[in-house]
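So the chains spell out like this:
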Amino acid sequence: MLPASALIMFLFGVIVIYGGLAYFLYRAFKGKTK
Amino acid sequence: MAAVGSAIGLGNVWRFPYICYANGGGAFLLPFFIALFTAGIPLLILEFTIGHWSQQPPPAAFKEMNKKWEWAGWWATFIPFLVSIYYVVIMAWCFAYMLYAIDLRWGTNAETFFLQTFLRVTNGPLEFGGISIPVILGLIAIWTMIFIILYKGVDRIGKVVLLTVPLPTILLMVLTLRGITLPGAIEGISYYLTPDFSALTNVNVWLAAYAQVFFSIGVAQGIMITYASYLKKTSDINNNAIITALADAGTSFFAGFTVFSVIGYLAASQGVGIDQLGIAGPFLVFVTYPTAISLLPAAAAIFGILFYIALLTFGIDSAFSMIEPLTAGINHRFKITKTKTTAVLCTIGFSLSLLFTAGNGLYLLELMDHFVANFGLVAVGLVECILIGWFGPLKYFQTYANKTSEVHIGRWWTIIIKFIIPTVLILLLVLSIIENILHPYMEYPWIALLLFGVIPLIAIIIISIMIMKKSQKEET
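Report on the accompanying structure. (Residues numbered from 1 in each chain as written. Chains lettered and ligands numbered in written order. Predicted model: local features only at pLDDT ≥ 70, side-chain atom pairs only at ≥ 80, totals over all residues.)

Quick look at the overall build of chain A now. When helices and strands are counted, chain A shows one helix and zero strands. Split into buried and exposed, the 34 residues of chain A put 15% on the buried side. (Helix = DSSP H or I, 4+ residues; strand = E, 2+ residues; numbered from the N terminus. Buried ≥ 20, exposed ≤ 12 C-beta atoms within 10 Å, placed from the backbone.)

We now examine the overall build of chain B. Along its length, chain B carries 20 helices and zero strands. Relative to the globule expectation of 23 Å for 476 residues, the C-alpha radius of gyration of chain B, 21 Å, shows essentially globular dimensions. C-alpha extents for chain B along the principal axes are approximately 65 × 50 × 45 Å. Considering only contacts in chain B between residues 6 or more positions apart, those separated by 24 or more positions represent 87%. (Rg over C-alpha atoms; globule rule 2.2 N^0.38 Å. Contact = placed C-beta atoms within 7 Å.)

Here we come to the interface of chain B and chain A. On the side of chain A, 16 residues touch chain B, which itself brings 19 residues to the contact. Looking at the side of chain B that touches chain A, the elements that each hand over two or more residues are helix H3 (26–54), helix H10 (185–193) and helix H13 (237–270) of chain B. Considering only residue class, the side of chain B that touches chain A consists of 12 nonpolar, five polar and two charged. (Nonpolar A, V, L, I, M, F, W, Y, C, P; charged D, E, K, R; others polar.)

With that settled, consider the nonpolar core. Residues and elements named next belong to chain B. Ranked by size, the top nonpolar core spans 178 residues in total, and within it Tyr210 and Leu311 carry the most contacts. Among the elements that make up this core, the one with the highest residue count is helix H5 (residues 70–100) (24 residues). Residues contacting leucine 311, with those up to four places away along its chain left out, are Leu10, Val13, Trp14, Cys94 and Val285. (Core = buried A, V, L, I, M, F, W, Y, C linked by C-beta atoms within 7 Å.)

Residues and elements named next belong to chain B. Phi angles above zero are rare outside glycine, and leucine 104 is one such case at about 45°. Examined against the element boundaries, leucine 104 turns out to sit in the loop between H5 and helix H6 (110–118). In this structure leucine 104 comes out as partly exposed when scored by C-beta crowding, with 16 C-beta atoms within 10 Å. At lysine 335, a residue that is not glycine, the phi angle is positive and equals roughly 55°. Within the secondary structure, lysine 335 sits in the loop between helix H15 (300–334) and helix H16 (338–353). Residue lysine 335 is classed as exposed on the basis of its 7 C-beta neighbours within 10 Å.

Before going further, it helps to spend a moment on the environment of leucine 200 of chain B. All names here are of chain B. By the secondary structure assignment, leucine 200 is in the loop between H10 and helix H11 (203–217). For leucine 200, a count of 13 C-beta atoms within 10 Å gives the class partly exposed. Taking the C-alpha atoms as reference, leucine 200 lies 43 Å from isoleucine 140; in sequence the two are 60 residues apart. Beyond its immediate sequence surroundings of up to four residues, leucine 200 is in contact with Leu30 and Pro31.

Pasting the structure below:
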């Protein structure tokens, strides 16, 4: 099992990087279809 | 798409994991994320804005802001050209290894194969030794590919990236799925993700993080200014910049899992600790990975071929994007056709790359990468921020970027460009220069450090100033 601090870093990376990417892609897509 | 293709390259799959490993795995991740948000994204927005606003290559864009700044534009375009000279060498190695993977040519000792059979490495950077024919053949193949893609211009770049962006991403996913199912993978991933807060006091870790963000995203290299100059006037600047930076960081973060799972597997197979594997520079891709591939229980050759194809396809769009700013700059300034400029630059690039085919090529490559990335890119980023932030139209650029963007940037952006980035970069540069003087890089002789590290960086500044002086003379 991953240590708790590694798990926190993993979640941080996933939420900030991929969550951010998904959010801005959504905004871009929404902007184009307006 | 071209900007994303340019940003995602060997910097993500080769450089990020080894820099991460060299700086203590998880110890590096936190500074990397901080560097991304405090420098990478704000600088990328700035460069997209400059390109979009001027619709010209970097030298002309800087000249339009201030006639005395043309040199900064040329400097920024020469830096990626300098990077391309050794970047293509790594791609040539990947090309050869893609073929070697068919029969796992490196055998049971990948290190001996890489250093002695393939590169014929000598004892130091000043001892040239013999030439590696497979590397020369690889160089011919890669430089020819770059020329074929570039000479037709932007339209072809657009078509090429439709293949070279999604294909390696899919391959990376396949490789990661295989990697994380290997025994020992979880220890490797744990090493990659566990933060070490004591490393936050180490200036070298911070410098490496900022340099990696610049290298990987492609800021401070004129690349993004050039690509943004091709954008339509209605294109969204801020959103495009943020998506490009996050896609790049996301690929690096993901590639970390691919590589560290295999590193964990290798450490478990050899019964040693992960930090005892001693991975440095290109060893990760050309020694550690082949060793792990050979140890795979099934389909080792397929795994190996896919890995090197992924590296090649990741690298190719970054490689041609490094030539494009200088091609566009020369084409615009001297009115020489793009085909001619591309042919001349590819020939010069190929000739200079030959320097790295001798027995001391590996030393020179690491040395040049250390100086160009840690000092060249960081210095260009610093000059860009000082010129535009303190003496240029920063406020106007903020308004301009917001006018064409759905996501608006606030005052925080101007504060970062004007104060935070310059402060951090000056501090890092000064401390790093002191560190490099006290402890010369890898203990190499001073003459080698000067010839292949310091002089190329100073030479391109002098050439940039000379071109600007010539322009000024012609105009008067």
